[in-house]
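# Observations on the model geometry
One letter stands for each residue in the lines below.
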Amino acid sequence: MSNSSKKKKILTILGARPQFIKAGVVSREILKHNSLQEVIVHTGQHYDVNMSDVFFQQMKIPKPDYFLGIGGKSHGAMTGQMIEKIEEVALNEKPDWIMVYGDTNSTLAGALVASKLHIKLAHIEAGLRSFNMNMPEEINRILTDRISNILFCPTDKAVENLEAEGYRNFDCEIVKSGDVMQDGAFFYKKFAQKPSCNIQDNFLLCTVHRAENTDDNEKLKNIFDALDEIAKNVQVILPLHPRTKSKLENINYKISDNITIIEPVGYLEMVWLLEHCELVITDSGGLQKEAYFFENPCITLREETEWVELVECNANVLVGTDKEKIIDSFYEIHKNINNKQLLVNKDLYGNGKASQNIINELLNDRK
Ligand code: UDP
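Residues numbered from 1 in each chain as written. Predicted model: local features only at pLDDT ≥ 70, side-chain atom pairs only at ≥ 80, totals over all residues. Heavy atoms only, no water.

## Quick word on the environment of L204
Our working rule: Each helix is a run of H or I in the DSSP string that is no shorter than four residues. Each strand is a run of E no shorter than two, and both are numbered from the N terminus. Accessibility here uses a 1.4 Å probe with only protein chains present; expressed as a share of the type maximum, an area under 20% marks a residue as buried, one over 50% as exposed, and anything in between as partly exposed. Here a residue-residue contact requires only that any non-hydrogen atoms of the pair lie within 4.5 Å.
For L204, the position within the fold is in strand β8 (residues 203-207). The buried category is assigned to L204, whose relative accessible area is 0%. Residues L204 and H276 lie 72 residues apart in sequence; the distance between their C-alpha atoms is 9.1 Å. Beyond its immediate stretch of four places on either side in the chain, L204 contacts I230, V234, Q235, V236, I237, L279, I281 and F330.

## What about the packing of helix α12 (residues 267-276) against helix α13 (residues 285-293)?
The cut-off we apply is this: As a rule, the C-alpha atoms of each element are fitted with a line to give its axis, helices using only the stretch in contact, and angles between N-to-C directions run from 0 to 180 degrees. Note on angle classes: values under 35 degrees are labelled roughly parallel, values over 145 roughly antiparallel, values of 65 to 115 roughly perpendicular, and the remainder oblique. In this scheme, a crossing is called left-handed if the near helix is turned counterclockwise away from the far one by less than a right angle; it is called right-handed if the turn is clockwise. In this classification, Asp, Glu, Lys and Arg are treated as charged, Ala, Val, Leu, Ile, Met, Phe, Trp, Tyr, Cys and Pro as nonpolar, and every other residue, Gly included, as polar.
Packing of α12 against α13 leaves a shortest axis separation of 10 Å and a crossing angle of 50 degrees. Looking at the two axes, α12 sits oblique to α13. When you trace α12 past α13, the crossing you get is right-handed. Residue-level inspection shows Y267, M270 and L274 of α12 in contact with α13, the latter providing L287, E290 and A291. Here the residues of the contact of α12 with α13 sort into five nonpolar, no polar and one charged.

## Remarks on unusual backbone geometry
With a phi close to 65 degrees, E295 is a non-glycine residue in the positive phi region. Backbone geometry at N351 places phi at a positive 60 degrees, although glycine is not the residue there. Among the secondary structure elements, N351 is positioned in the loop between α15 (323-335) and α16 (354-364). Here N351 falls in the partly exposed class, since its relative accessible area comes to 35%.

## With respect to the sheet that holds strand β6 (residues 150-153)
Using the following cut-off: In this description, strands pair whenever DSSP reports at least two bridges between them.
If you walk across this open sheet you meet the seven strands as β3-β2-β1-β4-β5-β6-β7, and the pairing is parallel. The open sheet has two free edges, formed respectively by β3 (66-67) and β7 (173-176), since each of these has just one partner strand. Where β6 lies against β7, four bridges are found, and the strand directions are parallel. The partner of C153 across the bridge, within β7, is K176. The sheet contacts of helix α2 (residues 17-30) involve β1 (8-14), β2 (36-42), β4 (97-101) and β5 (120-124), and relative to β4 the element is tilted by about 140 degrees. Contacting β4, β5 and β6, helix α6 (residues 136-146) crosses the sheet at an angle of about 140 degrees to β5.

## Here's the deal with the site of the ligand
Short version of the rule: For each residue, the test is whether any non-hydrogen atom lies within 4 Å of the molecule or strand; if one does, the residue is near. Any pair of N or O atoms that falls within 3.5 Å is considered a polar contact. Within protein, one atom must be able to donate a hydrogen and the other to accept it, and sequence-neighbouring residues count only if both atoms are side-chain atoms. Using a 1.4 Å probe, accessible areas were evaluated by the Shrake-Rupley method; residue-level cover was limited to the displayed protein chains.
Taken together, 18 residues form the shell around the ligand, and within it R210, V265, S284, G286 and E290 come nearest. In this structure, R17 approaches the ligand through a side-chain N or O atom, which is 2.9 Å from an oxygen atom. Between the ligand and H209 there is a distance of 3.4 Å, counted from an oxygen atom to a side-chain nitrogen or oxygen. For the ligand, the accessible surface in isolation is 530 Å², of which the surrounding protein chains cover 95%. Secondary-structure elements contributing two or more residues to the shell around the ligand are α2, α12 and α13. Here the shell around the ligand takes four residues from α13, the largest share from any one element. Grouping the amino acids of the shell around the ligand by side-chain chemistry returns 10 nonpolar, five polar and three charged.

So far we have only geometry, and geometry alone does not tell us how the molecule works.
See below:
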């Protein structure tokens, strides 16, 4: 038997921006082990240069072995076509593991292929729940968790969620690995790059892209009206997600010139912005944690969050999409910003060792 045939093969399924960032960190860990081989499938859910290519370049993620080119479609068409294509790849590659990340359509498609072909499935970022069944992400993560063989939980809360749903009685393994995004934040900090836009000393970093906000005209307007008001006090830098841009265009909403709108930035620019901003306002899952990793308070434009531990330690406040609530919450935090003392508990998210924990588990797997 040749050496390469003894390697354990991991088929990694990626498709969306947050997955490139998470997988970039884990891929680096996989490359340290000769006994592992990673085959990367990029579904094409996000495919623009600034939503995809830039992350592969900056984080030196190995070039995808397969690019499926399935983007810009309805949920059903996208997920269905992904299943069909990923199945072909899996039959061809015969991996020991299929590895999926987070909660997108690419995650669910990869998970279904693994379960139908009886390939072991590893889910990174398992156990998270918003308890909002209107979120497509919530459906994707629940279904993926249920058919995973090994569930890598980023937090204690994620483990508790699975236990509450009876997962200890299921034929699966639950591992509290920590959060690979914290590994990334620690590692890439030293490579941070200042974006080329005009940046004032004190600025606020904002992102808006969650479907529950962008698909509701009223909520979307409220958010941008509130940001306009806030931007009269402090510079608001907002890398605009393509979905949000097109939704605003569809309703003929003109974003106020007070807000510094920029194109989506690469991860290294994002890390710079996170390091230097004074506050984050977002509806992103990842940004809520990254704000914390970089010791910034966060205002979250949602009614609930999967990252409840940050709300419990007052690092994050949930304000939803009510215009006045957003503005009030900004003033409340802003007035104390110079006394801000966010004590970051690095253990909450695994102390930067999540990818190592994940890969060690897979290496030790004898089943
Ligand atoms: N991000 C980035 N550039 C941007 C906006 C976000 O690099 O212009 C990064 C961000 O730092 C985080 C990830 O993308 O690591 C989060 O992705 P997103 O907010 O799209 O998804 P979510 O976390 O809500 O699933």
